[in-house]
Amino acid sequence: MAQPLVKKDDDRDDEVDYSPFLGIEKGAVLQEARVFNDPQLDARRCSQVITKLLYLLNQGETFTKVEATEVFFSVTKLFQSKDTGLRRMVYLMIKEISPSSDEVIIVTSSLMKDMNSKTDMYRANAIRVLCRITDGTLLTQIERYLKQAIVDKNPVVASAALVSGIHLLQTNPEIVKRWSNEVQEAVQSRAALVQFHALALLHQIRQNDRLAVSKLVTSLTKGSVRSPLAQCLLIRYTSQVIRESSMNTQTGDRPFFDYLESCLRHKAEMVILEAARAITELNGVTSRELTPAITVLQLFLSSSKPVLRFAAVRTLNKVAMTHPLAVTNCNIDMESLISDQNRSIATLAITTLLKTGNESSVDRLMKQITNFMSDIADEFKIVVVEAIRSLCLKFPLKYRSLMNFLSNILREEGGFEYKKAIVDSIVILIRDIPDAKESGLFHLCEFIEDCEFTYLSTQILHFLGNEGPKTSDPSKYIRYIYNRVILENATVRASAVSTLAKFGAMVDSLKPRIFVLLRRCLFDSDDEVRDRATLYLKTVGGEVAVGQTEKDVNEFLFGAFDVPLINLETSLRNYEASEVPFDIDSVPKESKSQPLADKKAPGKKPTGLGAPTNGPVSPVDAYEKLLSSIPEFCSFGKLFKSSAPVELTEAETEYAVTVVKHIYDGHVVLQYNCTNTIPEQLLENVTVFVDASDAEEFAEVASKPLRSLPYDSPGQTFVAFEKPEGVPAVGKFSNLLKFIVKEVDPATGEAEEEGVEDEYQLEDFEIVAADYMLKVGVSNFRNAWESMGPDNERIDEYGLGVRESLAEAVSAVINILGMQPCEGTDVVPNNSRSHTCLLSGVFMGDVKVLVRLSFGISGPKEVAMKLAVRSEDPDVSDKIHEIVAEG
């Protein structure tokens, strides 16, 4: 039985609200639905039963086909009632049940009768229901009534028809597009909702015609829109037109922008906010153009309405990411919002102030933030932490107060994501602010004493093993690390053993003490802890030789594992047990597997040269085996890299051709994968004439034609070029496919003896610097970076010009270098003003390369980049900078 709704008194905050539908069951409600069949209908009781049915449907309860049909037929009997309230419930029920096409006919006549009723409420609801349950056939029958309804004098009826048109546009667009004249007339309606819905439908009808949308905006911005809701829509459409036409980058008159600016003086608050937001989001907007929008947003900051304060501070928060100076005039108003009762407003105010504040205001902000951090949820705390991290990088001299703040909140209660955000921030500050290293490491050591998250403990220990030995007094960290061996779970204990070993390997004075602690670990209850302790004692202690020097030992134990695991697994599966030990250097280091030959023809597998072999053979191995079997290329040496296939023809053309670029130290072999898609033709003596006039450093030395290319059977032809040895030569290549074509008899499949010479123009392609770089990831970039050492490091700064976003700039540089992004740093958070991207790879000549890219927005969409390169060869570090400078 339904429970009564208990009203909560003002002085009884702990009182519980009960739903009137609590505990109802589907079976009982279906029994109650029999009331629909009574000769004398009780409108009030019927409405209550429909309400229960609607509640069950909206709670996810499913009705069987039989149950839904019975309810539908029972509900249709309620059309006999003249009660207006019950009729509205009937409309809702029919929409929710969504009767099948064979059942719709039962109710169609009643709905069409209501659609022409004198009662406007019946007409509006009947239109909504009919358009919801009807199909295209019935829609053509009622189209005339819908057109009339769109221009009806009653705004409820007109809005119902327009909203139905918006829904029908998804399923029957051709019919709805015929209503353009009526919709255009409805746009001029004096009723606010009618004008809003009409504008929305008219834009959707024209949205694929850019010129039509531009004309619509031009006509409506002259002042014919009165509805504030419609005005907000028009502002959005105007912004879209400005973006698409790039009018905001022109110096001449901008009537559309003037319209946005005029909306800032509108009497409706929603229109003012929409216009201000649109102006702040325009590409290339100047500080002068921002000023009026910032001014109105500043006024809203002191509004008595929480929704206006929230909307204003949220918009200013976004503006602060790209134009922080434009927002500084609002700082005093935003400081008063830190104590706002709405925690969302307070959080946005704090983060905005952190982005726009100056160095002198940091200490004052920290005091204010400290008082309010305990009152907000973790998701808001993370936003604050990220803003504080950015502020510290902006004002590195203030690292002490900011680091102390992060340390204090790190010891407070919080979830995993919140604590991880703090730890990540401290790690970044330690990395980028050298003076912060000692205090930052100490704060992390204090945290792991009480850390309840295994992942964070292991990550901190790993970071401590890399940074701790380089501090002025490494010994002070040993106690914290060994405590983890005693007090933690097996995973953390194993990580602590590795960290201890790093200290022993890198700090000679600590080695005896570390060995004593590692020997104690030999009696641990966990296998991995004992195994790690044994390994480190044997290798670091010199009992087992793993290299010629101590550096070799450290590289073996703590060096980066730069072999992709999928490649290692494949190589181990292919390895056959023998007296020859498995050589990990033989494992391909290319991260991304590449197909050997393009398969244009569906249902067919490539055969002949270039066909993949059975079993999990790596692409590089298969390519090398293929090329070494060709006498013309066997003297070129070891294959360094094979690119992914590059398409040289469009889809669905007569011939499908792709090219794979095989890179050697002194040569490049171009493998053209060809497919004949014409059944009536046989191609013979297939070759590709390559024009390398735009690639001056390349000289053609050999080619291998394809004797025969039957229909739907891929084949390969090759062209080899010589280039300066060890030089990443680049250039553009033009390609012309030449062959002899012979007609094939469809009946017999025999080709004619005589053929005709023919040719087919292919697309151009380029050999670029990225072709000389293998994408090879590292498991721990920081460890690999530190082990590479600063001797061959080269650092420089570059201006990347105007970019749509930081993400575009990051992607462009990654593509130019052709390196493997590490640790997910290729993903740029939305609205970031700075970003660090880590890349690794192997340059031609098997030279390991690591790159650290630091991006920042230095002006309106102007992106600056700091490039730091470390490699095993200083010349390669210089080449990376040359590649970026030329790219």
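Provided above is the structure to which this section pertains.
How each quantity is defined
Residues numbered from 1 in each chain as written. Predicted model: local features only at pLDDT ≥ 70, side-chain atom pairs only at ≥ 80, totals over all residues. Heavy atoms only, no water. Core = buried A, V, L, I, M, F, W, Y, C linked by side-chain atoms within 4.5 Å. Buried < 20%, exposed > 50% of the residue type's maximum accessible area, 1.4 Å probe, protein only. Helix = DSSP H or I, 4+ residues; strand = E, 2+ residues; numbered from the N terminus. Pairing = 2+ DSSP bridges. Axes fitted to C-alpha atoms, helices over the stretch in contact; angles between N-to-C directions. Left-handed = near helix turned anticlockwise from the far one by under 90°. Contact = heavy atoms within 4.5 Å. Nonpolar A, V, L, I, M, F, W, Y, C, P; charged D, E, K, R; others polar. Salt bridge = Lys/Arg side-chain N within 4 Å of Asp/Glu carboxyl O. Expected span 1.5 Å × (residues − 1). Phe/Tyr/Trp six-rings, centres within 6.5 Å; stacked < 30°, edge-to-face > 60°. Lys NZ or Arg CZ within 6 Å of the ring centre and 35° of its normal. Polar contact = N/O pair within 3.5 Å; in protein donor to acceptor, adjacent residues only side chain to side chain. Patch = residues over 30% accessible without salt bridge, like charges linked within 9 Å, V, L, I, M, F, W, Y side chains within 5 Å. Areas by Shrake-Rupley, 256 points an atom, 1.4 Å probe, with all protein chains shown as cover. Lys, Arg positive; Asp, Glu negative; His and termini not counted. Charge placed at Lys NZ, Arg CZ, Asp CG, Glu CD. Parallel < 35°, antiparallel > 145°, perpendicular 65-115°, else oblique.

S.K.: Can you walk me through the nonpolar core in this structure?
M.R.: As a rule of thumb, soluble globular proteins bury nonpolar side chains together. If you look at the biggest cluster of nonpolar residues, it comprises 191 residues, and the most contacted ones within it are Phe36 and Ile369. One finds Val657, Phe698, Leu806 and Ile857 within the second-largest nonpolar core, a separate group that totals 65 residues.

S.K.: What am I meant to see in the pairing of strand 8 (residues 715-722) here?
M.R.: Two faces belong to every sheet, and in a regular strand the side chains alternate between them. The buried fraction of strand 8 is high, at 7 of 8 residues. Bridge analysis of strand 4 (residues 667-676) against strand 8 gives 8 bridges, and the strand direction is antiparallel. Each residue of the ladder has a partner; that of Tyr672, found in strand 8, is Thr717. Both strand 6 (residues 699-704) and strand 8 contribute to a ladder of 5 bridges, which runs antiparallel. Of the residues in strand 8, the one forming a bridge with Lys704 is Phe718.

S.K.: What is the right way to read the packing of helix 27 (residues 478-487) against helix 28 (residues 490-506) from this model?
M.R.: Two numbers describe a pair of packed helices, the interaxial angle and the distance between the axes. In contact at an axis separation of 8 Å, helix 27 and helix 28 are set at 145° when each is read in the N-to-C sense. When you trace helix 27 past helix 28, the crossing you get is left-handed. Here Ile478, Ile481, Tyr482, Arg484 and Val485 of helix 27 come into contact with helix 28, specifically with Val492, Arg493, Ala496, Val497, Thr499, Leu500 and Phe503. Of the residues belonging to the contact of helix 27 with helix 28, the class tally is 9 nonpolar, 1 polar and 2 charged.

S.K.: I keep staring at the pattern of salt bridges and nothing clicks. Help me out?
M.R.: Pairing between side chains of opposite charge can happen when the charged atoms of each approach one another. All chains considered together, the criterion is met by 29 salt bridges. One salt bridge connects Lys26 with Glu67, and the closest N-O pair in it is separated by 3.2 Å. Residue Lys26 is found in helix 1 (residues 26-32), and its partner Glu67 is found in helix 3 (residues 65-76); the two are separated by 41 residues along the sequence. Glu793 serves as the salt-bridge partner of Arg870, at 3.0 Å between the closest nitrogen and oxygen. One end of the pair, Arg870, is in strand 17 (residues 862-871); the other, Glu793, is in the loop between helix 34 (781-788) and strand 13 (794-802), and 77 residues separate them in sequence. Residue Arg870 is classed as buried on the basis of its relative accessible area, which comes to 9%. Take Glu793: its relative accessible area is 19%, and that puts it in the buried class. Sharing partners across several salt bridges, the network here consists of Arg236, Glu274, Arg277 and Glu281.

S.K.: What should I look at first to understand helix 6 (residues 120-133) in this one?
M.R.: For the α-helix, the turn length of 3.6 residues means that residues three or four positions removed from each other point alike. The terminal C-alpha atoms of helix 6 lie 20 Å apart, and with 14 residues this matches the ideal 20 Å at 1.5 Å per residue to within 8%. Along helix 6, the positions that sit buried rather than exposed are Tyr122, Arg123, Ala124, Asn125, Ala126, Ile127, Val129, Leu130, Cys131 and Ile133.

S.K.: Teacher, can you tell me more about the packing of aromatic side chains here?
M.R.: For any two aromatic rings, the description comes down to two numbers: the centre-to-centre distance and the angle of the planes. With the rule as written, the count across this model stands at 15 aromatic pairs. Note on Phe72 and Phe73: the rings are 5.6 Å apart at their centroids and 65° apart in plane angle, and the pair reads as edge-to-face. Arranged with centres 5.7 Å apart and planes meeting at 75°, the rings of Phe636 and Tyr664 form a pair that is edge-to-face. Remark: Tyr664 occurs in the loop between strand 3 (655-663) and strand 4 and Phe636 occurs in the loop between helix 33 (619-628) and strand 1 (641-642); sequence separation between them is 28 residues. Look at Phe636 and you get buried, because its relative accessible area is 12%. Among the aromatic side chains, those forming a connected cluster through ring pairs are Phe633, Phe636, Tyr664 and Phe718. In this arrangement the basic side chain of Arg87 is found over the ring face of Tyr122, its NZ or CZ atom lying 4.6 Å from the centre. Lying over the aromatic face of Trp785, Arg852 brings its terminal NZ or CZ to 4.8 Å of the ring centre.

S.K.: Mind showing me how you'd approach the pairing of strand 5 (residues 681-694) here?
M.R.: Taken together, the 10 bridges between strand 5 and strand 9 (residues 731-743) define a ladder with antiparallel strand orientation. When the bridges of strand 9 are listed, Thr687 appears paired with Lys738. The pairing of strand 5 with strand 7 (residues 706-709) spans 3 bridges and is classified as antiparallel. The partner of Leu683 across the bridge, within strand 7, is Leu709.

S.K.: Where do I start with helix 28 in this structure?
M.R.: Over its 17 residues, helix 28 runs 25 Å from end to end, which matches the ideal 24 Å to within 8%, given 1.5 Å per residue. Taking burial as the measure, the 17 residues of helix 28 include 14 buried ones, the bulk of the element. Residue Asn489 occupies the N-cap position of helix 28, its side-chain oxygen lying 3.2 Å from the main-chain nitrogen of Thr491.

S.K.: Help me out: how do you make sense of a negative patch on the surface in this one?
M.R.: A contiguous patch of negative charge on the surface is contributed by Glu680, Glu743, Asp745, Glu750, Glu752, Glu753 and Glu754. The residue Glu754 is located in the loop between strand 9 and strand 10 (756-761) in this model.

S.K.: What's the story with the environment of Tyr399 in this structure? I'm lost.
M.R.: With respect to the helices and strands, the residue Tyr399 is situated in helix 23 (residues 399-410). In this structure the C-alpha to C-alpha distance between Tyr399 and Ile369, which are 30 residues apart in sequence, comes to 16 Å. Leaving out residues up to four positions away in the same chain, Tyr399 has contacts with Cys392, Ile433, Asp435, Ala436 and Ser439.

S.K.: Looking at this model, I keep getting lost on unusual backbone geometry. Mind explaining?
M.R.: Working note: non-glycine residues mostly have negative phi, and peptide bonds are mostly trans. In this structure, Asn685 takes a positive phi of about 50° despite not being glycine. On the secondary structure map, Asn685 appears in strand 5. Note on Asn685: relative accessible area 43%, which makes it partly exposed. Even without glycine at this site, Glu823 takes up a positive phi of about 60°. For Glu823, the location among the structural elements is in the loop between strand 14 (820-821) and strand 15 (834-843).

S.K.: Just to check I follow, could you spell out a nonpolar patch on the surface for this structure?
M.R.: On the surface, a cluster of nonpolar side chains totalling about 280 Å² of accessible area is made up of Phe73, Ile105 and Ile106. Considering the arrangement of structural elements, one finds Phe73 in helix 3. Looking at Phe73, the relative accessible area reads 34%, which means it is partly exposed.

S.K.: Where do I start with the packing of helix 26 (residues 454-467) against helix 34 in this structure?
M.R.: The geometry of helix 26 relative to helix 34 is characterised by a closest axis approach of 10 Å and an angle of 5° between their N-to-C directions. In terms of orientation, helix 26 and helix 34 fall into the roughly parallel class. Residues Phe463, Asn466 and Glu467 of helix 26 form the contact with helix 34, whose own contacting residues are Arg782, Asn783 and Glu786.

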